[in-house]
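An overview of the molecular structure
So the chains spell out like this:
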Amino acid sequence: MNQKSFGFIPWLVFFFVALVSIPFFIWFDFLGIAKFVGIAVTVILVVVLRIWLYRLGKLGKAPRVSLNSNDVYELNRFMPALSSLPITEQRAFQHRIGLIMSHITVQHEASVSSINTSPKVLAMVGASLFLMNGLESQQELTFLLSENTTLQINDNQLSISLEAALDVLSSFSTEQILLAIAA
């Protein structure tokens, strides 16, 4: 976040000078001017804070992908241990998957035959693999579908076949899922 884009310093100087001037206006019996400056500072501060919060929201995190009930069903289908977790832990896992999905790109090698799975499910599979391997903190993630049956991890890229990925995800235990959520 760039502080210069928010213009903190000029506004802080303005608010400081305006607020410090109020006691002097009162001291010299300019009560009307003191009231006006006080009200103006309050109104301007509210407006400037709203502008800062709006800009902060635009610069913030990418919005997470929300999972509907069909997506949660698919997630539980390829990770059976997930359904035995408490509801709060399941929701935490789903929330983290949605956050990772907003940063993931799904690609496939030319040698991979056509896949009859929706892109959202592929992104969920990739996001689950990234989360379970502790690679969720990276900004741009790539899930590459290949012919490999072993999971290959290179910086911000995971490479594995879809069938092998589903096998890997179904082999995780509840303890491993809880450790991934806690990390």
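Let me sum up the structure you'll find in this document. The structure displayed is predicted, hence computed values, not measured ones. Numbers given to residues run from 1 along each chain, matching the order in which its sequence is written. Totals for whole chains, interfaces and linings use all residues, but because this is a predicted model, local features are given only for residues with pLDDT of at least 70 and pairs of side-chain atoms are given and counted only at 80 or more. Heavy atoms throughout the structure, all of them, feed into the side-chain values; hydrogens and water do not.

**Looking at the side chain of D71**
The way it works is that DSSP assigns letters per residue, a run of H or I at least four long becomes a helix, a run of E at least two long becomes a strand, and they are numbered from the N terminus. Residue placement: D71 occurs in helix α4 (residues 69–78). Residue exposure (1.4 Å probe, protein chains only): buried if accessible area is under 20% of the type maximum, exposed if over 50%, otherwise partly exposed. When its relative accessible area of 8% is taken as the criterion, D71 is described as buried. Pairs of N or O atoms within 3.5 Å make up the polar contacts considered here, provided that, within protein, one atom can donate a hydrogen while the other can accept it, and that residues adjacent in sequence are counted only when both atoms are side-chain atoms. Within polar-contact distance, the side chain of D71 engages the side chain of K120 at 2.7 Å. The residues touching D71, leaving out its near neighbours within four places in the chain, are S66, K120 and M124. Between two residues, a contact is recorded if the distance between any of their heavy atoms is within 4.5 Å.

**Description of the packing of helix α5 (residues 87–101) against helix α6 (residues 119–132)**
Only the contacting stretch of a helix is used when fitting its axis, a line to C-alpha atoms as for every element, and angles between N-to-C directions run 0 to 180 degrees. Direction vectors running N to C along α5 and α6 enclose 110°, while the axes themselves pass 9 Å from each other. Taken as axis vectors, α5 and α6 run roughly perpendicular relative to one another. Mapping the contact onto sequence places F93, R96, I97, I100 and M101 in α5 and K120, A123, M124, A127, S128, F130, L131 and M132 in α6. Reported orientations rely on four angle classes, namely roughly parallel under 35 degrees, roughly antiparallel over 145, roughly perpendicular from 65 to 115, and oblique for the rest.

**Points about α4**
Considered for burial, the residues of α4 that qualify are D71, V72, L75 and F78. End-on, the buried residues of α4 take up no more than an arc of 135°, which puts them together on one face. Exposed residues on α4 whose side chains face more than 90 degrees from its buried face are S69, N70 and Y73. Check the buried side of α4 and you find it contacts α5, α6 and α7 (162–170). Where α4 begins, the side chain of N68 points an oxygen toward the backbone nitrogen of N70, at a separation of 3.1 Å. The directions from the helix axis to the C-beta atoms are what the arc is built from.

**Quick notes on the pattern of salt bridges**
We count a salt bridge whenever a side-chain nitrogen from Lys or Arg sits within 4 Å of a carboxyl oxygen from Asp or Glu. Counted under the stated rule, the structure contains two salt bridges. Across the pair K120 and D71 runs a salt bridge whose closest N-O atoms are separated by 2.7 Å. One end of the pair, K120, is in helix α6; the other, D71, is in helix α4, with 49 residues separating them in the sequence. Since its relative accessible area comes to 29%, K120 is described here as partly exposed. Its salt-bridge partner being R77, residue E74 comes within 2.6 Å of it at the nearest N-O pair. With a gap of three residues between them, E74 and R77 both fall in helix α4, about one helical turn apart.

**Concerning the nonpolar core**
Among the nonpolar cores identified, the biggest contains 37 residues, and M79, F93, F143 and I177 are the most heavily contacted of them. Residue assignment for this core shows that the elements contributing at least two residues are α4, α5, α6, β2 (141–145), β4 (157–160), α7 and α8 (174–182). In terms of residue count, α6 provides more of this core than any other element does, 10 residues in total. Once residues lying within four places of it in the same chain are set aside, the contact partners of M79 are F93, S128, M132, L169, F172 and I177. To define a nonpolar core, start from buried Ala, Val, Leu, Ile, Met, Phe, Trp, Tyr and Cys residues and group those joined through side-chain atoms within 4.5 Å. Counting residues in hydrophobic clusters, the runner-up holds eight residues, among them A18, I22, V48 and W52.

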